[in-house]
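Structural overview for review
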Amino acid sequence: MSDLSALNAQLEALEQNLPSVVPKPNETDLPRFELVEKGCTGACEIVLPSESQELPKLLELSELPFGIPPACESVEHDLEQHLCHPEKLCLYDLDRVQRFLPRTIDTESLLQCDVSPAVTTLSVHRSQASSVQEVPLSAPGSSARTSTSLNRPHAPPGAEVRGQPGNCFFWPGGMDDDHVTSTGVSAVEGAEEVDFDTGLETVPPGFSCGMSFPAVEVPAAAAAKSESASDPFNLDLLAFDIDLGNQENASTTGEARPEHPQAMGDEDDEKEASLRSVLEMASGSSSVSGASASSRFSRMLSVAAGASSNDEWAVVVEQNDTVADFHQRIPKMAHEFPFELDTFQKQAVIRLEEKECVFVAAHTSAGKTVVAEYAIALAFKHMTKTIYTSPIKALSNQKFRDFRKTFTDVGLLTGDIQLNKEASCLIMTTEILRSMLYNGSDVVRDVEWVIFDEVHYINDAERGVVWEEVLIMLPEHTNVILLSATIPNTKEFAGWVGRTKRKKVHVISTYKRPVPLEHYLYTGNSAKTNKERFLIVNSKGGFENAGFLQATAAKKERSKPTDKFGPKGARNFANPSQDMNIYKSLVQSLEKSEQLPVVCFTFSKKRCDDNARNLRTLDLTTTLEKSHIHTFFKQSVDRLKPADRKLPQVTRLKDLLSRGLAVHHSGVLPILKEVVEMLFQEGLVKLLFATETFAMGVNMPARTVVFDDIQKFDGTQKRYLLPSEYIQMAGRAGRRGKDTTGTVIILAKQDVPDKGELMKMMLGKATMLQSRFRLTYTMILNLMRTADFRVEDMMKRSFGEFSHQSKAPAHRLAEQELRNQLESAPKLDCPVCSVDMGKLYSDWNNVCQMEKQMRAIVASNPNAAKALTPGRVIVVETASGLFCLAFVLDRSTVKGQRSLYALVLCDASEAASKTPAAAQPSAGFKTVSDFNDAGRAAGGQDLSGCPTVAEVAGVRALHTPATCVHCVMRVADTSIVSTTEQVVNVQAELILADHANRQLPRFAMNPPCRQAQVAAQQLLLLLEANPSGLPSFDPIADFHIRGLEHRQKFDAIALLRGSMAEYCCVTCPLFQQHYMVAQQSARVEDQLHRIEFMLSDESLELLPEYQQRIQVLHHLRYIDDDKSIKLKGKVAREMHNQEVLVTELLFQNKLTHLEPAEIVALLSCIVFQQRRCAEPTLTPVLKQGKKDILQVGHDIAVIECQCGMDVVPEESKEQLNFGLVEVVYEWARGMPFADITNITDVDEGTIVRCIQRLDETCKDVRNAARLYGDPLFFQKMEKASELIKRDIVFAASLYTQ
């Protein structure tokens, strides 16, 4: 400041020396002066030149003591120097160091704390006299993020319908733990006794070390007193020290106990009631659950005792039960129908009134929807909710329209539509319900009924797993209604549902069609032959062979002699001209007989369009009908933009509809499909060409159904229709209340189909429901939200594991029995054998197993097979482990397994026990496994199967029968111990014939033939001459068995035999007796280990894949070592398709630098499924994006392959299809839809469906961006969704208007 003041003073003095009047100076007239800095303190001085001298020359930079003053540098440079060079900072600049602000001591703040959450609530009990009682809460202080209880607080507004990704799901019903606390721990489990001395955990999850609790010695008397005081099952304490809230019995609490036995029994009942009351308080029952604690406790006791069986869960209702007292049992129905209910409908209504689950299996158009409507009415009556699920979005829209006509409070939830989401009846797809369950939607709290329509869709390979997930995840208070077509294993599926949810499921089936069907073969091809319709299956379901023969004869008369018939030359295709003539003649015939409308099922979208286009001259509507069609079509299409109304598909369908024709398949625009469906319901569409998706769900019956072909391509091969597929489509024939019979016609365009295939298709059993359960990364990450419900629990309760898990009660009983046997088994007390008898037993079993494997290898060798000629002497092993001498009679193959017939020496007592014909095998011969050695030790103990010391050392002596006889038997190849070099001259054919003759009852007592006796005598002589064995062929040297692994197995056998000969136990004089003792215990232990394996998670079929997927998630850092979900796992949980791929693209920043239109175009590769389409034209940016996506997918596949999954990295690109990238890119840039159709050969309907699914993917990615904190990318995805969500692609459904 002093320097600046001095400088100002010098300037003022300079101004005073200037003349008072100064003319306006020029630039050269200004006074000259210089500022000179002195020293290094920043002081400056003004230097003025005199009139006689000029300014002195400034010194150079090198001559100044400290150089020229530095110029003013930028702020960025100062900041960089400050941050990057801390060594330049002044150590004594205390103004910029961290400062300590002293805290004012406030002791009163320690007295303030948050209010504890309430542990009780008021519950209204409605009875004759309504009352309000205070009941305990099971989850005080819990939240949706920490608790799976239904009593947790509700979600914030806006998230109560769909839920939130971070929420815990509600505890699934049917689990072993019927209720959980706020932390997810079972209340019943928490009531178990805990050992506070040794049962406490010391190391928390994720820590390497923990607390160590020092042992505290407690006196015995104090411990006994504490134990008696803390016994949770002390009935005396429970009966007298707990206030049960009953004012009437309060006065009797302190009374003395009565000594009368009856009084004691009453007191025990009071104690049991007290115990149940305590358990009710511990379990935290609520009115929402719909079941009292006592009933849950009884169910828990019955399950724990193993009293439940599979038959209890599935209750089959008899079809002949006509329910004559229906109106007496239900005098006032929740919903009145304008018609009399069928028997199966009445049976279902009765069970619904009793709040029981039902499984209704009936034919198409039988009236299964009546059951669903009554459940919805019951929910209205009970002021609860009903959820109706369907397999496809289109069916949800149609059901919304139908139910809205009957009920007022109906809502619809789909991927892009939410209509009346607070309604009592919500209609949605099964995928939406699964998402709501995983996200903990509060709507589930009030749901009483969940209706699953088209349950047979569980057989779908891709989406069938969704049904199993939802059925497993439903909470306990929800009841299930299953609606399906007729299937053969309804009881099995209902048993699985009942066992999973711990509820009885009533199976109600009806095989009676409301309108019987008649099936015909049509062989006509012109107006002259349009009467060639031949009945092949009548209305009673009987096959008419005469009609089939007439159809074959009629086709043969008009065919050329070179044409073939039957399965060898069966074909059913024709050229467009022939197709046109066939359909014209058929439709004219049906029109004359008043059998319109007709649905023609064609298993090709292209053939549907071609058939409709070829019938351009066919007109089936009247003038009035044309007017109605024109008016409705115009009103529907007017919702679109003017440009979209002129689309080729719109104009083409308008012309078809005006003549009573239409097409319906996935390539048709959604709004046009809805127009076709509505006009068909009104009877204005007379001829409809449709694919099999038209037969799903919605009640749209026709008078006649025509099959253009009965073969379809299923993605891998062309095959005949399955019975369930044929029944589903043929069931559309026949309108209830209008037609007496429905007509089904199969077109025989060229050849008559094979009779066997026809009968199998039309009269065969429907496809059984099969489990399609599979693991996905989304499922695993969702289930990891809580540690109490594991992925193994989900796998254990899948339909695929039902047959195995249903045997668990029997396995537990067997486990207990084996443990008892193991405890009571004799113990080995020999000091010699107890050293290594167990190891010898294990090694001996390994040797026997390896020898059997080597026998199979030898038997498969052609050189060894050639040596087994009739008369060849062999050594066979019986089931008891004895080596017997035999010779070959003949070789044969039985059920694909090669075996031979041999004459074997055996004991007379054993042969006598097997002589009756009833004991012989079906072929009339004994098998080697039927023989059991009768040799006994001196003490009378059975030592069969026990090796001798010599056998352990490798010396296997031949068995010498006490009373030698012979027997003919069938010997498996694996029972042949060795093939000797000896050959006996026998007449094998006579011996076999004589033995077969003696199997007849009247010849059973005849003696063997002379040839058999001579052969047996020769064997006996060989046995006496060679008791230690005959010279045999060497498998490697003589049979030339190659392979290093085979030689290694032979060496391993020899090594084990050598090691066993050195064991201590072989020196024991009672080796065989002690071996039997060890063998008995070892066999029980083996069985016990097998049972324990069956009861453990290790027996789950999908457990290896689950472990492999866990390794993949850990490698990609989606989870940590403790299986806690990390940020990437939370992001992947938001995705519903290709979750790992999309997550990796986000975290590798492969999409963040792209424009919204480019992002949404590249994401289309994960939703577009059509394989055959034109190659798109991509920009350089899109090409690079495609390359990045393929590389990321390949990297993921490589990691999966390294973790053991059955994945081929080179095939990973086949899961992605970039065929619509250009289409979506141009659509997002604003190109009209009419121009979009010109740049691709994909059908319009497929494009619309792909973009609609793409919008859901954009929402998933948008939510992921918000989750990991990228606001810019979040805005990009919002913009991308807005760009594609326009015009005809997202036109509102006609069913929702």
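Residues numbered from 1 in each chain as written. Predicted model: local features only at pLDDT ≥ 70, side-chain atom pairs only at ≥ 80, totals over all residues. Heavy atoms only, no water.

1. Quick word on the overall build of the protein
For clarity, the cut-off: Numbering goes from the N terminus for both helices and strands, where a helix is a DSSP run of H or I of at least four residues and a strand is a run of E of at least two. Partly exposed describes any residue whose relative accessible area lies between the buried limit of under 20% and the exposed limit of over 50%, with all areas from a 1.4 Å probe on protein chains only and scaled to the type maximum. We call two residues in contact whenever any of their non-hydrogen atoms come within 4.5 Å of each other. Methods summary: accessible areas were calculated by the Shrake-Rupley approach with a probe of 1.4 Å, and residue burial reflects only the protein chains presented.
On a plain count of helices and strands, the protein comes out with 44 helices and 28 strands. Burial analysis of the protein (1297 residues in total) assigns 46% to the buried set. Put simply, 72% of the contacts in the protein that link residues at least 6 apart link residues at least 24 apart. As presented, the protein carries roughly 68,200 Å² of accessible surface, and 53% of it is formed by carbon and sulfur atoms.

2. Things to note about the pattern of salt bridges
So the rule is basically this: In what follows, salt bridge is the name for a side-chain nitrogen of Lys or Arg lying within 4 Å of a carboxyl oxygen of Asp or Glu.
A full pass over the atoms with the stated rule returns 42 salt bridges. Between E431 and R463 there is a salt bridge whose closest N-O contact spans 2.7 Å. Of the two residues, E431 is situated in helix α13 (residues 430-438) and R463 in the loop between β11 (447-452) and α14 (464-473); the sequence distance between them amounts to 32 residues. Shared partners join several salt bridges into a network, and the residues in it are D579, R607, D708 and K749.

3. Notes on the nonpolar core
For the record, the criterion: Working definition of a nonpolar core: buried Ala, Val, Leu, Ile, Met, Phe, Trp, Tyr and Cys residues. They are joined through side-chain atoms within 4.5 Å.
F452, F493, L657, F707 and L1146 are the most contacted members of the largest nonpolar core, which totals 203 residues. Per-element accounting of this core gives the leading share, 10 residues, to helix α43 (residues 1244-1268). For F707, the contacting residues outside a window of four places in its chain are F601, F603, L721, Y726, M729, A730, V744, I745, I746 and L747. Judged by nonpolar contacts, the second largest core, of 39 residues, contains I330, M333, Y374 and F403.

4. Here's the deal with the packing of helix α28 (residues 837-859) against helix α35 (residues 1071-1095)
Using the following cut-off: Every axis corresponds to a line fitted to the C-alpha atoms, with the helix fit spanning only the stretch in contact, and the corresponding angles, defined between N-to-C directions, vary from 0 to 180 degrees. Here the angle decides the label: under 35 degrees means roughly parallel, over 145 means roughly antiparallel, 65 to 115 means roughly perpendicular, and every other value means oblique. Each residue receives one of three labels: charged for Asp, Glu, Lys and Arg, nonpolar for Ala, Val, Leu, Ile, Met, Phe, Trp, Tyr, Cys and Pro, and polar for the others, Gly being one of them.
Relative orientation of the contacting elements α28 and α35 amounts to 70°, with a least axis distance of 10 Å. Here α35 runs roughly perpendicular to α28, going by the angle between their axes. Side by side, α28 and α35 meet where M837, L840, Y841 and W844 of the first sit next to F1071, H1074, Y1075, A1078, Q1079, A1082, R1083 and D1086 of the second. Taken together, the residues of the contact of α28 with α35 break down into 8 nonpolar, 2 polar and 2 charged.

5. Points about unusual backbone geometry
For the bond from L596 to P597, the omega torsion is 5°, close enough to zero to count as cis. Positive phi values are uncommon outside glycine, yet M383 reaches one of about 60°. Tracing the backbone shows M383 in the loop between α11 (369-382) and β7 (385-390).

6. What about a nonpolar patch on the surface?
Note the cut-off: Two distance rules govern patches: like charges are joined within 9 Å, and nonpolar side chains (Val, Leu, Ile, Met, Phe, Trp, Tyr) within 5 Å, applied only to residues with over 30% relative accessible area and no salt bridge.
A cluster of nonpolar side chains, L122, V124 and V132, forms an exposed patch at the surface whose accessible area comes to about 300 Å². Tracing the backbone through its elements, the reader meets V124 in strand β3 (residues 120-125). Given a relative accessible area of 45%, V124 falls into the partly exposed group.

7. Some words on helix α32 (residues 988-997)
Short version of the rule: In this context, the arc is that of the directions from the helix axis out to the C-beta atoms.
Where α32 is concerned, the buried positions are A988, I991, L992, D994 and H995. All buried residues of α32 project into a common sector of 165° when viewed along the axis, lining one side.

8. Here's the deal with the packing of aromatic side chains
Test applied: Working definition: rings of Phe, Tyr and Trp (its six-membered ring) pair if their centres are within 6.5 Å, and the pair is stacked with planes under 30 degrees apart, edge-to-face with planes over 60 apart, and tilted otherwise.
All told, the structure shown has 20 aromatic pairs when counted by the stated rule. Measuring from centroid to centroid gives 5.9 Å for Y841 and Y1075, while their planes differ by 50°, and the two rings are tilted. Here Y841, found in helix α28, pairs with Y1075, found in helix α35; they are 234 residues apart in sequence, far enough to count as distant. On the basis of relative accessible area, Y841 is assigned to the buried category, the value being 8%. Where F1147 meets Y1268, the ring centres are 5.5 Å apart and the plane angle is 40°; that geometry is what we call tilted. You can see F1147 sitting in helix α38 (residues 1139-1147) and its partner Y1268 sitting in helix α43, a full 121 residues away along the chain. Exposure remark for F1147: the relative accessible area of 29% places this residue in the partly exposed category.

9. Examining the side chain of K673
As a reminder, the rule being used: Residues scored as positive are Lys and Arg, those scored as negative are Asp and Glu, and His as well as the terminal groups of each chain are ignored.
In this structure, K673 sits in helix α21 (residues 670-681). The charged side chain of K673 is buried without a salt bridge, its nearest counter-charge being E677 at 6.0 Å. Setting aside residues no more than four positions away along its own chain, K673 makes contact with H664, H665, S666 and V668.

10. Regarding the sheet that holds strand β9 (residues 418-419)
Note the cut-off: Pairing between strands is defined by DSSP: at least two bridges between them are needed.
Across the sheet, 9 strands lie side by side as β5-β13-β6-β12-β11-β7-β10-β8-β9; this open sheet has mixed pairing. Of all strands in the sheet, those bounded by a partner on one side alone are β5 (314-316) and β9. Note: β11 against strand β12 (residues 479-484), 4 bridges, orientation parallel. Among the inter-strand pairings, F452 is bridged to a residue of β12, identified as L482. In the packing of α13 onto the sheet, contacts are made with β7, β8 (410-413), β10 (425-429) and β11, and the angle to β10 comes to roughly 105°.

11. Notes on the environment of H1114
The topology assignment puts H1114 in helix α36 (residues 1103-1115). With a relative accessible area of 35%, H1114 lands in the partly exposed category. Not counting residues up to four positions away in its chain, the partners in contact with H1114 are I1119, D1120 and D1121.

12. Remarks on the pairing of strand β13 (residues 505-509)
A large share of β13 lies buried, amounting to 5 of its 5 residues. Bridging between β5 and β13 involves 3 bridges; their strand directions are parallel. Looking at the pairing, V315 lines up with H506 of β13. Relative to β13, strand β6 (residues 357-361) is paired through 5 bridges, and the arrangement is parallel. Within β13, the residue paired with F359 across the bridge is V507.

13. A short note on the sheet that holds strand β14 (residues 517-522)
Here we have 7 strands laid out as an open sheet, ordered β15-β14-β22-β19-β16-β18-β17, and mixed in their pairing. In this open sheet, the two edge strands, each paired with only one partner strand, are β15 (533-537) and β17 (661-664). Here the average twist between neighbouring strands, direction ignored, is 25°. Where β17 meets strand β18 (residues 687-690), 4 bridges bridge the pair, whose relative direction is parallel. The residue bridging A662 from the neighbouring strand is L688, located in β18. Sitting on the sheet, helix α17 (residues 576-592) is in contact with β14, β15, β16 (598-601), β18, β19 (704-707) and β22 (742-747), with an inclination near 165° to β22.

14. Here's the deal with the packing of α38 against α43
Stated precisely, the cut-off is as follows: Definitions for this section: a left-handed crossing has its near helix turned counterclockwise from the far helix by less than a right angle. A right-handed crossing has that turn clockwise.
The interhelical angle for the contact between α38 and α43, taken along N-to-C directions, is 50°, at an axis separation of 11 Å. When the interaxial angle is binned, α38 and α43 end up oblique. The handedness of the crossing between α38 and α43 is right-handed. Judged by residue contacts, V1142, L1146 and F1147 of α38 engage V1261, A1264 and Y1268 from α43.

15. Observations regarding α21
Here is the rule: What a helix should span is 1.5 Å times the count of its residues minus one.
Given a rise of 1.5 Å per residue, 12 residues ought to cover 16 Å, and the 17 Å separating the end C-alpha atoms of α21 matches this to within 8%. Among the residues of α21, those classed as buried are I671, L672, K673, E674, V675, V676, E677, M678, L679 and F680. Check the buried side of α21 and you find it contacts α12 (393-406), β16, α19 (623-637), α20 (648-658), β17 and β18. Following α21 by one or two positions, G683 adopts a phi angle in the positive range, close to 80°.

16. Focus on the environment of R1090
Mapped onto the fold, R1090 is located in helix α35. Residue classification places R1090 among the exposed positions, given a relative accessible area of 53%.

17. Quick look at the side chain of K749
Applicable threshold: Here a polar contact means two N or O atoms within 3.5 Å. Within protein one must be a hydrogen donor candidate and the other an acceptor candidate, and residues neighboring in sequence count only if both atoms are side-chain atoms.
Residue placement: K749 occurs in the loop between β22 and α23 (755-763). Within polar-contact distance, the side chain of K749 engages the side chain of D579 at 3.1 Å. Side-chain polar atoms of K749 contact the side chain of D708, separated by 2.6 Å.

18. A short note on the pairing of β14
Counting buried positions over the 6 residues of β14 gives 6, a clear majority of the element. Burial of β14 is two-sided: the residues L517, H519 and L521 facing one way and the residues E518, Y520 and Y522 facing the other way are all buried. Pairing of β14 with β22 involves 6 bridges; the strand directions are parallel. Counterpart to H519 in the pairing with β22 is V744.

19. Some thoughts on the environment of V447
Position of V447 relative to the elements: it lies in strand β11. The sequence separation of V447 and P475 amounts to 28 residues, and the corresponding C-alpha distance is 9.4 Å. With near-sequence residues (within four places) excluded, V447 lies in contact with K385, I387, H477 and T478.

20. Structural notes on the state of the cysteines
Applied cut-off: Two cysteine sulfurs form a disulfide in these notes if their separation is within 2.5 Å.
As enumerated under the stated definition, the model contains 0 disulfides in all. Not engaged in a disulfide, the cysteine C1065 finds its nearest cysteine sulfur in C833; these two sulfurs lie 5.7 Å apart. Classification of C1065 as buried rests on a relative accessible area of 0%. C1165 takes part in no disulfide bond, and the closest cysteine sulfur to it belongs to C1250, at a distance of 9.7 Å. A relative accessible area of 2% places C1165 in the buried class.

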